[in-house]
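Listed below, chain by chain, are the residues.
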Amino acid sequence: DLHCHTFASDGHMTIKELAMHAIARGYHTIAVTEHSQSSAQANGLSPDRLRKHIEAIHDVNETLEEITILAGSEVDILTNGELDYDDELLALLDIVVASPHASLQQSSDDATSRLLKAIEHPLVHIIGHPTGRIVNKRKGLEPNMQTLIDAAVANNTALELNANSLRLDLRDTHVKVAVDAGALISLNTDAHVPEHFDQLRYGIGTARRGWLTPSGCVNCFPQKDLMSWLHRA
């Protein structure tokens, strides 16, 4: 799972607790991806807090042989497409999930430009819940998905299928377009509490409806292949 939260932002697990739940599920890798500074409502981390959190993640990682814990961040994609941390700080992270959280009523053109800029950023690995929708509650962004998918393929950037039952974003029809284009999908639970891991099945069901196979899902990569993709030039 490459998108999870701990007490450091708005989650309800310690780093070690998160890792232990992942070990129990047989994962070889888990990513800690706290909210960034602009997400004040989610206790987003200031740059100084993030630096300390990276050290804390590395410390716990060194104590566990059964799993690799990645130090990451769920970085806000700002309205203009800029990211919420500077490149120097982003470069310290093992994984960067860039997500839209605010201004989710932008026009389709503005939303497309916004997300496109993040997809093309060389330090971004995954675009988290790309539309920001909440099922039956918030429509979210309506970008040109074909444009974003083509850019994701060109930049070797993964698009997230967020398995949380309130999100399921990407939706199944988007997944099918991505699969047909050869884009990579990252299937994550966005876990804030242990029970969220159990929602993975909803993401898998959505992925299957979009004809996703293990070869196109970065979470299914063997650890060596995952690390190679994360360290892509």
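Provided above is the structure to which this section pertains.
Residues numbered from 1 in each chain as written. Predicted model: local features only at pLDDT ≥ 70, side-chain atom pairs only at ≥ 80, totals over all residues. Heavy atoms only, no water.

Visitor: Help me understand unusual backbone geometry, please; the structure alone is not making it clear to me.
Guide: The bulk of non-glycine residues show a negative phi, and the bulk of peptide bonds are trans. Residue Leu170 is bonded to the preceding Asp169 through a cis peptide linkage, with omega at 15°. Relative to the helices and strands, Leu170 is located in the loop between strand E5 (158–162) and helix H6 (172–181). One non-glycine residue with positive phi stands out, namely Asn43, at about 60°. Here Asn43 is to be found in the loop between strand E1 (29–35) and helix H2 (47–63). If you check the backbone angles, Leu168 has positive phi at about 45° while not being a glycine. (Helix = DSSP H or I, 4+ residues; strand = E, 2+ residues; numbered from the N terminus.)

Visitor: How do you make sense of the sheet that holds strand E2 (residues 68–76) when you look at a structure like this?
Guide: Within a sheet, adjacent strands bond to each other through the backbone by hydrogen bonds, running parallel or antiparallel. Across the sheet, six strands lie side by side as E1-E2-E3-E4-E5-E6; this open sheet has parallel pairing. A strand with exactly one partner marks an edge of an open sheet, and here the two such strands are E1 and strand E6 (185–188). Pairing of E5 with E6, which is carried by four bridges, proceeds in the parallel orientation. Within the sheet, the bridge partner assigned to Asn162 lies in E6 and is Asn188. Relative to the sheet, helix H7 (residues 200–209) contacts E5 and E6, its axis offset from that of E6 by approximately 150°. (Pairing = 2+ DSSP bridges. Contact = heavy atoms within 4.5 Å. Axes fitted to C-alpha atoms, helices over the stretch in contact; angles between N-to-C directions.)

Visitor: What is the right way to look at the pattern of salt bridges in this model?
Guide: Two side chains carrying opposite charge are able to pair once their charged atoms lie near each other. Taken as a whole, this structure holds seven salt bridges when the rule is applied. Between Arg167 and Asp190 there is a salt bridge, with the nearest N and O atoms lying 3.9 Å from each other. Residue Arg167 is located in the loop between E5 and H6, and its partner Asp190 is located in the loop between E6 and H7; the two are separated by 23 residues in the primary sequence. For the residue pair Arg167 and Asp190, the accessibility class agrees, reading buried in each case. (Salt bridge = Lys/Arg side-chain N within 4 Å of Asp/Glu carboxyl O. Buried < 20%, exposed > 50% of the residue type's maximum accessible area, 1.4 Å probe, protein only.)

Visitor: Where do I start with H2 in this structure?
Guide: Since one α-helical turn is 3.6 residues long, residues separated by three or four positions face the same way. With 17 residues, H2 should cover 24 Å at 1.5 Å per step; its first-to-last C-alpha distance of 25 Å lies within 8% of that length. Those residues of H2 not exposed but buried are Leu50, His53, Ile54, Ile57 and Val60. Down the axis of H2, the buried set is contained in an arc of 130°. They therefore lie on one face. For H2, exposure combined with an orientation more than 90 degrees from the buried face picks out Asp48, Lys52, Glu55, Glu62 and Thr63. Considering only its buried residues, H2 is in contact with helix H1 (15–24), E1, E2 and helix H3 (87–90). (Expected span 1.5 Å × (residues − 1). Arc of directions from axis to C-beta.)

Visitor: Please clarify how the pairing of strand E3 (residues 95–99) should be interpreted in this entry.
Guide: Regular strands place side chains that alternate from one sheet face to the opposite one. The buried fraction of E3 is high, at five of five residues. Burial of the side chains of E3 extends over both faces: Ile95, Val97 and Ser99 are buried on one face and Val96 and Ala98 on the other. As paired strands, E2 and E3 are joined by five bridges and run parallel to one another. When the bridges of E3 are listed, Ser73 appears paired with Val96. Bridge analysis of E3 against strand E4 (residues 126–127) gives two bridges, and the strand direction is parallel. Pairing of Ala98 across the sheet is with Ile127, part of E4.

By themselves, these are just geometric observations and shouldn't be taken as functional.
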